[in-house]
Amino acid sequence: MDVKIEGSWKQVLQPEFDKKYFETLTNFVKKEYITGQIFPPPAKIFCAFDLCPFSETKVIILGQDPYHDVNQAHGLCFSVNDGVRLPPSLVNIYKEIENDLGIKAPVSGNLERWAKQGVLLLNATLTVRAHQAGSHQNKGWEIFTDSVIKVLADRKENLVFLLWGTYAIKKSMYINRSKHLILTSPHPSPLSAHRGFFGNRHFSKTNEYLKSKGLDEIEW
């Protein structure tokens with residue numbers, strides 16, 4: 001199957017695009033866009049990959065579902081379009097960055113600036129029905145995004161995986177700890193941030209690790 005995605009990703013993921021499950025998933029997603037309101041816009045489904053090529057990926061942050069309200073989701077986990085009110089989890093991410101690094105929270109919740117520095121902002125499920133959280137789970141996206149994690153972990157070295165919350169932490173089974181840094185904590189959601197997300201210092205720890213490997217630090 002010919003999928004419109006950034007070139008270095010297309011090269012490593014083509015085996016997935018040729019599998020039966022991906023054809024079934026694609027047919028499901030196409031029908032959903034025709035029959036209902038689906039987020040993000042079709043051209044933004046693979047935005048995380050387009051802004052952060054495989055060859056330049058250094059850090060992976062894993063979310064679960066795209067935001068499901070109007071004009072929020074644009075293909076990057078935890079990120080929203082410019083001008084959109086900051087979601088609670090992102091507010092808490094910004095708070096931790098300020099506590100950790102002293103960087104004041106920006107007005108915008110658009111995290112494209114991170115993606116362009118090599119941060120893959122990957123949701124486990126890449127599409128969702130409007131106002132129906134989890135509506136595209138268990139349709140095949142998770143098989144695909146698990147494969148993304150595996151190909152990164154297998155083919156690259158010295159990556160940093162930021163896994164927040166029980167769902168994301170389970171993905172550590174695909175990652176070789178001797179080749180990569182895995183940082184885990186509770187999710188930044190208001191329901192769990194006070195149980196250990198605040199104070200995790202993941203942003204400074206990421207930069208310390210990257211610097212130790214001779215890689216450029218992320219300007220959070």
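As the structure is a prediction and not an experimental result, all values here were calculated from the model. (Residues numbered from 1 in each chain as written. Predicted model: local features only at pLDDT ≥ 70, side-chain atom pairs only at ≥ 80, totals over all residues. Heavy atoms only, no water.)

A.B. asks: What's the story with the overall build of the protein in this structure? I'm lost.
C.D. replies: The helix and strand tally for the protein stands at eight helices and six strands. Tracing the protein from N to C terminus, the helices and strands come up as α-α-β-α-β-α-α-β-β-α-β-α-β-α. Compactness check: the protein gives a C-alpha radius of gyration of 17 Å against a globular reference of 17 Å for 220 residues, within 12% of the reference. Structurally, the protein occupies a C-alpha span of about 45 × 35 × 25 Å along its principal axes. Carbon together with sulfur atoms contributes 51% to the accessible area of the protein, which is approximately 10300 Å² in total. Across the protein, the centroid of the 27 positively charged side chains sits 4 Å from that of the 23 negatively charged ones. (Helix = DSSP H or I, 4+ residues; strand = E, 2+ residues; numbered from the N terminus. Rg over C-alpha atoms; globule rule 2.2 N^0.38 Å. Areas by Shrake-Rupley, 256 points an atom, 1.4 Å probe, with all protein chains shown as cover. Lys, Arg positive; Asp, Glu negative; His and termini not counted. Charge placed at Lys NZ, Arg CZ, Asp CG, Glu CD.)

A.B. asks: How should I be thinking about the sheet that holds strand 6 (residues 181-185) in this particular structure?
C.D. replies: Consider a sheet: its strands pair through backbone hydrogen bonds, and that pairing is either parallel or antiparallel. What the four strands build is an open sheet, ordered 3-2-5-6; its pairing is parallel. Sheet topology places strand 3 (119-123) and strand 6 at the edges, where each strand pairs with a single neighbour. Strand after strand, the sheet turns through a mean of 20° between neighbouring axes, direction not considered. (Pairing = 2+ DSSP bridges. Axes fitted to C-alpha atoms, helices over the stretch in contact; angles between N-to-C directions.)

A.B. asks: Can you walk me through the layout of surface pockets in this structure?
C.D. replies: Rolled over the atoms, a probe as big as a water molecule pinpoints where empty space is left. Considering only enclosed or pocket space, the largest pocket measures out at about 640 Å³ in volume. Around the largest pocket, the lining comprises 35 residues; the ones closest to its centre are Gln 64, Asp 65, Tyr 67, Phe 78 and His 187. Going through the elements one at a time, strand 2 (59-63), helix 4 (88-101), strand 3 and helix 7 (166-169) are the ones with two or more residues in the lining of the largest pocket. In terms of residue count, the dominant contributor to the lining of the largest pocket is helix 7 (three residues). Looking at the lining of the largest pocket, its residues break down into 18 nonpolar, 15 polar and two charged. In this structure, the second largest pocket encloses a volume near 430 Å³. In terms of lining, the second largest pocket is formed by 16 residues, of which the most central are Val 3, Thr 26, Pro 42, Ile 45 and Phe 46. Across the lining of the second largest pocket, the residue classes break down as eleven nonpolar, one polar and four charged. (1 Å grid on protein atoms, 1.4 Å probe; cavity = no way out; pocket = protein on both sides within 12 Å on 5 of 7 lines; lining within 4 Å. Points joined across faces, edges and corners; volume = space filled by probe spheres on them. Nonpolar A, V, L, I, M, F, W, Y, C, P; charged D, E, K, R; others polar.)

A.B. asks: Just checking my understanding: could you explain the pattern of salt bridges for this structure?
C.D. replies: Oppositely charged side chains can pair when the atoms bearing their charge come close. Here the structure, examined in full by the defined rule, presents eight salt bridges. Salt-bridge contacts for Arg 201 lead to Glu 208; the nearest nitrogen and oxygen are separated by 4.0 Å. Bridged by salt links that share partners, the residues Asp 100, Arg 201 and Glu 208 form one connected network. (Salt bridge = Lys/Arg side-chain N within 4 Å of Asp/Glu carboxyl O.)

A.B. asks: Please explain the packing of helix 2 (residues 20-35) against helix 6 (residues 141-155) as it appears in this structure.
C.D. replies: The relative placement of two packed helices is expressed as an angle between their axes plus a distance between the axes. Running from N to C, helix 2 and helix 6 cross one another at 125°; their axes reach a closest spacing of 9 Å. Comparing the axis directions of helix 2 and helix 6 gives the class oblique. The hand of the helix 2/helix 6 crossing is left-handed. Residue-level inspection shows Tyr 21, Phe 22, Leu 25 and Val 29 of helix 2 in contact with helix 6, the latter providing Trp 141, Ile 143 and Phe 144. Looking at the contact of helix 2 with helix 6 residue by residue, the class counts come to seven nonpolar, no polar and no charged. (Parallel < 35°, antiparallel > 145°, perpendicular 65-115°, else oblique. Left-handed = near helix turned anticlockwise from the far one by under 90°. Contact = heavy atoms within 4.5 Å.)

A.B. asks: Quick question: what am I supposed to make of the packing of helix 4 against helix 8 (residues 202-212) here?
C.D. replies: Orientation of helix 4 relative to helix 8, taken along the N-to-C sense of each, is 60°, at an axis distance of 8 Å. By the angle between their directions, the pair helix 4 and helix 8 is classed as oblique. Contact residues: Ile 93, Glu 96, Ile 97, Asp 100 and Leu 101 in helix 4; His 202, Phe 203 and Ser 204 in helix 8. A per-class count over the contact of helix 4 with helix 8 returns four nonpolar, two polar and two charged.

A.B. asks: I tried to follow unusual backbone geometry on my own but got confused; where do I start?
C.D. replies: Outside of glycine, negative phi angles account for most residues, and trans bonds account for most peptide bonds. Cis geometry is adopted by the peptide bond preceding Pro 40, which originates at Phe 39 and carries an omega value of -5°. Structurally, the position occupied by Pro 40 is in the loop between strand 1 (38-39) and helix 3 (47-51). In this structure, Asn 71 takes a positive phi of about 70° despite not being glycine. One can find Asn 71 in the loop between strand 2 and helix 4.

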